[in-house]
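Chain residues, written in single-letter form:
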Amino acid sequence: MDAVQLDGLDPPAENGNVSQSEPHKRLSQVDTVVLPFLGGFGRYQRRLVALTWIPAFLISFIQFSDHFLLGQPDRKCVRPDQNRTSSGRDIFDLIATGNAAESSNVTACVCSEWWFELQSGLQQNVVTKWTLVCDGEWKVHIAKFSLLVGSIFGYLLMGAMADWLGRIPVLLVSVLSVLVFGLAVAFSVDMAMFSTLRFFEGFCLAAIRLSLYVLRIELCLPAWRFSMTMVASLIIVSGQLLMPGLAALCRDWQILQIVIIAPFVLMLPYVWMFPESLRWLLVTQHYQRAKRQMYRIAHSNSVDEDDDGFAELETELQQKPKTYCVTQLTGTRNLWKNTVVLCVNSLTGYGIHHCFARSVLEGSASHLHYYALAAIAIASCLVLFPVVAGFGRRGGLLTFMIITALASLLQLGLLNRTCVYSSIVSLVTVLRDTLNQRFSYAFSIIGMFSSHAVSTLSIFYCAEITPTVIRGGGVGLVLASAGFGMLTAPLMELHNQKGFFLHHVILTCCTLLCIICIPLLPETAGQPLPETIAEGEGLLRRPILPGEQHHLLARTEVREYSRVQDTPLHQVVNPGNGSVPSNSTANGVRTS
C-alpha cells in the first residue's frame, strides 16, 4: 500500500472547523484520519479484538457463580432440636397475629441436623458447608450483595484510573489482584471472610471488564464497533451455558472457585501482547508512545512506513501529556445529561429484569430455568443486530424500552383486571389461575428479552457518546448504575420479597421516564468516536421522524432567544470565528 500523508487527509466537516495549521487537531481524528492511514480495521486490530474476547468466558464464570456457590439446596430435618423449648410460644404468637406461613417456617427450622441435596451439580457449596439456612440464610444474601457492591466501587474508581493512567495498567493490576483474592475465596474459613474477599474479587473483576470493554470499542472503526461488542456479549452468555457442566465436573465449591479463577493467569502475557489504546495516547498527548505504536500498527497491517506520513506527529513530540477525570462532566452542558439518561436506562433495565425473572423462576434453582434465562439472553443479543442496523442506536434503544414498559404494565395491570372479572364465576377459578399464570410467564419472557437488550445497548451507547479522554469514567458510571439495578435482587431476597410489588411499580414508572428521555439522545451509528470533551459536547440530537426536521429553527433564527453561541462552552466546541454550517439547527443538522 502506498504511503498516505496525514496532511493529505482533510477531516470531515461535521467534526468542526479544524484548521490545517493545527496538526494535533488532525491527530485526534482517529476514525477519519489516523486509522485509515494505518490500514483501517486491519489484521493488527482484529487480533487484539480477539484477545479481548478470550477473557469474556472467565468473566462470565465469576458473574454467574452465585447460582452454584450460593444456591439454596433442598433440605430435610434429620434430627429435630429438642432443646428449643421456647419455639412453641413463638409459633403461638405468630399464629395469633395471622402469620401462619411464617409459623410453619419456624417449626421447620427447629432442627439440629440437616440433610441437603443441591440441584446445581455440586455435592457441596457454601450454604451446605456452613449450614446457612433458616436463621443463617441472610448471610447468603450478604455474600451476593458484597460481590455486587465491590463491582460498583470497581467500576467507579478504576474507570477514573483508566482515564488517568491508561487502560493497560488498570487491566494488569486488576488481573493480578483477582488472582490473589479469587484464590483466597476458595480457602475462606468462615462466611465473614468469604463475603469480604468476594467484595475485592468483584472490585477487580469490574476493572477487568471495564478496561477490556473500552479497549475493544477504541480499537474498532465505526462500521465494526457494534458487531464486535455483540460477539463479546454472546461469548459471555456462552460461558453462562458452560457453567453447569463445569460445576458437575468439579463437584465441590472450592474446586470450582479455583478452576474459574486460575485461567486468569493466561492474561498475564497481555503486558507484552496488548498495547495501550492509541486513541488515548493521542488525545492525552503521549506522542512518543503513540509514534512507536503507529509504526507497529503500520508494519502489522502491511502499510508502507514512509516517514513523511508521520511528519505531523514529529512536530508534536515536545507536547506535555495531559490528564483528565470524569468529574469534568459536571462542567459540560449536554454530555452530562446524555450520561445520566443512559445511567437511568441501565439501572432500569437490570432492575426490572429481576422482576420479570422472579415471575418465571419463583425460587427454582433447576437447570431448566437456568438455561431458559441464557436462551433469552442469546435471543436478545441476536435480535439486537437487525434492530440496531435498521433503527440505529437511539431508535433500537427506544423500541426495546417501549416493549419493556408494555410488558411490565400488562403484567401489573391486565392480569389484575382479569382476576376481578373472572372471580364473578366460581366455576372458572381454576381456568382463571391457569390463564393468569400463562399470561404472567409470557409477559415475563418478553420483558426479560427486551430489558436485557436495553441494558446491553445502554452500556454500548454510553461508550460511543463519552469522549476518549473520560470514556473509562463514563462507561464506569453506566456499569455502576447497572450494578445498582442488579442489587435489587439480593435486597428483595434479604427482605423476603416484602414490598416487591411496589418495587416493580417504581421500575415500571422509570421505564416510562426513559421513553421520554431517549429521543433527546444523539444518534451515533456510523459516526466517529468523540475524542475530546468539546467533541462530545458537539454531539447534538438529530430528528427521529422525517417530518420533524422541517420544524427545527435554524441556529441563526434562535440566536437572540437562546444566546447559545455567546457562551464560553460553545466557543470551545466551535473555535474560530463561530461560523457554523448553513444546514446546522438548534437541535442537530438539517438533513434536507
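Everything below is about the structure printed above this text.
Keep in mind it's a predicted model, so treat the numbers as computed, not measured.

1. A short note on the packing of aromatic side chains
For the structure shown, the criterion picks out 12 aromatic pairs. Summarising the aromatic geometry, the rings of Phe226 and Phe385 are spaced 5.9 Å apart at their centres and angled 75 degrees between planes, so their arrangement reads as edge-to-face. With Phe226 in helix H11 (residues 222-250) and Phe385 in helix H18 (residues 367-422), this pair connects stretches of sequence that are 159 residues apart. We classify Phe385 as partly exposed; its relative accessible area is 29%. Taken together, a centroid distance of 6.0 Å and an interplanar angle of 75 degrees make the contact between Tyr370 and Tyr371 edge-to-face. On the accessibility criterion, Tyr370 (5% relative accessible area) is buried. Linked through ring pairs, Phe153, Phe181, Phe199 and Phe200 together constitute an aromatic cluster.

2. Quick look at the pattern of salt bridges
For the structure on display, the rule yields 10 salt bridges. In this structure, Asp31 and Arg279 form a salt bridge, with 2.4 Å as the shortest nitrogen-oxygen distance. Here the residue Asp31 occupies a position in helix H2 (residues 30-37), and Arg279 occupies one in helix H14 (residues 278-283), the gap between them amounting to 248 residues. Given the relative accessible area of 7%, Asp31 is considered buried. A salt bridge links Glu464 to Arg393; the shortest N-O distance between them is 2.9 Å. Here Glu464, found in helix H19 (residues 429-465), pairs with Arg393, found in helix H18; they are 71 residues apart in sequence, far enough to count as distant. Comparing Glu464 with Arg393 shows no difference in burial state: the two are buried. Members of the salt-bridge network, linked through shared partners, are Asp31, Arg225, Arg279, Arg393, Glu464 and Glu531.

3. With respect to the packing of H11 against helix H12 (residues 253-261)
Relative orientation of the contacting elements H11 and H12 amounts to 125 degrees, with a least axis distance of 8 Å. In terms of orientation, H11 lies oblique with respect to H12. Here the hand of the crossing between H11 and H12 comes out right-handed. Contacts between H11 and H12 pair Met243, Leu246, Ala247 and Cys250 from the former with Ile255, Leu256, Val259 and Ile260 from the latter. Residue classes in the contact of H11 with H12 are distributed as eight nonpolar, no polar and no charged.

4. Topic: the side chain of Lys144
The residue Lys144 is located in helix H8 (residues 138-165) in this model. Residues contacting Lys144, with those up to four places away along its chain left out, are Asp66, Leu70, Pro490 and Glu493.

5. Here we look at the packing of H8 against helix H10 (residues 191-219)
Their axes nearest at 7 Å, the elements H8 and H10 cross at an angle of 35 degrees. Seen along the crossing, H8 lies across H10 with a hand that is right-handed. A per-class count over the contact of H8 with H10 returns 16 nonpolar, seven polar and four charged.

Cut-offs used in this document
Residues numbered from 1 in each chain as written. Predicted model: local features only at pLDDT ≥ 70, side-chain atom pairs only at ≥ 80, totals over all residues. Heavy atoms only, no water. Phe/Tyr/Trp six-rings, centres within 6.5 Å; stacked < 30°, edge-to-face > 60°. Helix = DSSP H or I, 4+ residues; strand = E, 2+ residues; numbered from the N terminus. Buried < 20%, exposed > 50% of the residue type's maximum accessible area, 1.4 Å probe, protein only. Salt bridge = Lys/Arg side-chain N within 4 Å of Asp/Glu carboxyl O. Axes fitted to C-alpha atoms, helices over the stretch in contact; angles between N-to-C directions. Parallel < 35°, antiparallel > 145°, perpendicular 65-115°, else oblique. Left-handed = near helix turned anticlockwise from the far one by under 90°. Contact = heavy atoms within 4.5 Å. Nonpolar A, V, L, I, M, F, W, Y, C, P; charged D, E, K, R; others polar.

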